Structures are given as structure tokens and as C-alpha cells.
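Structural characterization, general
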Amino acid sequence: EDTTGHPITDEGVRRRDFIHVATGAFVGVGAAAAAWPLVDQMNPSADVLALASIEVDLAPVAVGQAIKLNWRGKPVFVRNLTPTEIAEANKVPVSDLRDPQTLAERTKEGKANWLITLGVCTHLGCVPLGAAEGENRGDYGGYFCPCHGSHYDTAARIRKGPAPKNLEVPEYAFTSDTRVQIG
Ligand code: FES
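Note that this is a predicted model, so its numbers are computed, not measured. (Residues numbered from 1 in each chain as written. Predicted model: local features only at pLDDT ≥ 70, side-chain atom pairs only at ≥ 80, totals over all residues. Heavy atoms only, no water.)

1. Observations regarding the overall build of the protein
Within the protein one finds five helices and nine strands. Of the contacts made within the protein by residues no fewer than 6 positions apart, 56% connect residues no fewer than 24 positions apart. When the accessible surface of the protein is split by element, carbon and sulfur atoms take 52% of a total near 8900 Å². (Helix = DSSP H or I, 4+ residues; strand = E, 2+ residues; numbered from the N terminus. Contact = heavy atoms within 4.5 Å. Areas by Shrake-Rupley, 256 points an atom, 1.4 Å probe, with all protein chains shown as cover.)

Right, here's the structure in full:
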């Protein structure tokens, strides 16, 4: 049982260990590749999904790279921002933003380079581009949603197009300098 009294099932443990990277590589814990189709077929209950969190080793993600993970059936984008991208995000007057938030408010203290958001467009839920190498990152260098043309900046804030809100920042915490637990 975990601290909330829920039993930790095999499915829950496997799901927590699952990490998919858009580049086709796997980072972090083992047995993940084999577990995914199983978990998919088993269609784990909502209870199991609610418990699932993933822990990711970010050490392989170089400055300027972004990766895509799956968490609770949703894409999560993790981006290691370059100093230029951080400067770009910080120079925008917050009052000019549709959904006003600073980069600092969207990242953890001392870790402003790690931008972690859901990969779900806040317009109608498409998966924006920009997490994989060479994908269109839009006019503001962050993410671009091809469905109806929403452009997100280097803090994943909505800057142009129909989306009303910034890409959502999920609940997460750093468990060490390079490891992060999402959920
Ligand atoms: Fe992204 Fe419409 S779903 S712009």
C-alpha cells in the first residue's frame, strides 16, 4: 500500500516506470519498452492512473533539446531551455501576454532552464509540435499547434492563434539535481 492506503499494483508500478521519448530512445528506468503495450491492453483502472507518477532522468537531455513523455495518457513536454530562450522569455512584458505568467512562475527556483508542460494545446487539445528535433516551433520559438495555428513561446505561453491559455504546467518536483518526478 502507498501512503494514501491504495494498493500499489503491478500495473501502477510498471506505468510509473514507463517513459517514452519522442526521439525513439528511452531514458531512465528499464523494462519500460516492454511494459507499454501491456499497460495499454490492460486498460488500467482510473484508480491506477490517478496514482501513477513517473520519474525521469533528465541528464541525457542536452541544452536546447526537448523530449516528449507519456504521463497518465497525456503527452508531457520537457525542454532544456538555452540561455537565449530564457532571455527571450524574460524580456516579454508580462502585461502583453494573453495568459500573464513569468517564466519563473512556470518553472522551479534555480531550474528556470527546465520547462515542463503538458503537450496539450489549450484550444481544442491537439498535440503541439516542437518537442522533436527539427519540428516547427512556431513564430515564438516554443511550440506550434498545427491544428489551428497556435504559437507558444519559449516559456510555452500562448502568443498567437486561438488558444486561450498557456500550456499547462503539471505537478512535478525535482528528486535530485537531474531527476524529476511528474505527478
Ligand atoms: Fe491547437 Fe486548435 S487545437 S490551435
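Now, onward.
2. Concerning the nonpolar core
Within the largest apolar cluster, 17 residues are counted, with the highest numbers of intra-cluster contacts made by L103, Y143, Y152 and L167. Elements that contribute at least two residues to this core include exactly α4 (83–91) and β5 (141–145). Those residues in contact with L167, other than ones at most four positions away along the chain, are F77, R106, T117, L118, V120, C121, T122, P128, Y143, Y152 and A156. Counting 15 residues, the second-largest nonpolar core is a separate cluster that includes V56, L58, V61 and W114. (Core = buried A, V, L, I, M, F, W, Y, C linked by side-chain atoms within 4.5 Å. Buried < 20%, exposed > 50% of the residue type's maximum accessible area, 1.4 Å probe, protein only.)

3. A few points about the pattern of salt bridges
All chains considered together, the criterion is met by nine salt bridges. Its salt-bridge partner being K160, residue D139 comes within 2.4 Å of it at the nearest N-O pair. Residue D139 is located in the loop between β4 (114–118) and β5, and its partner K160 is located in strand β7 (residues 158–160); the two are separated by 21 residues in the primary sequence. D153 serves as the salt-bridge partner of R157, at 3.0 Å between the closest nitrogen and oxygen. By relative accessible area, which is 0% here, R157 ends up buried. If you follow the salt bridges from partner to partner, you end up with R79, E85 and R137 in one network. (Salt bridge = Lys/Arg side-chain N within 4 Å of Asp/Glu carboxyl O.)

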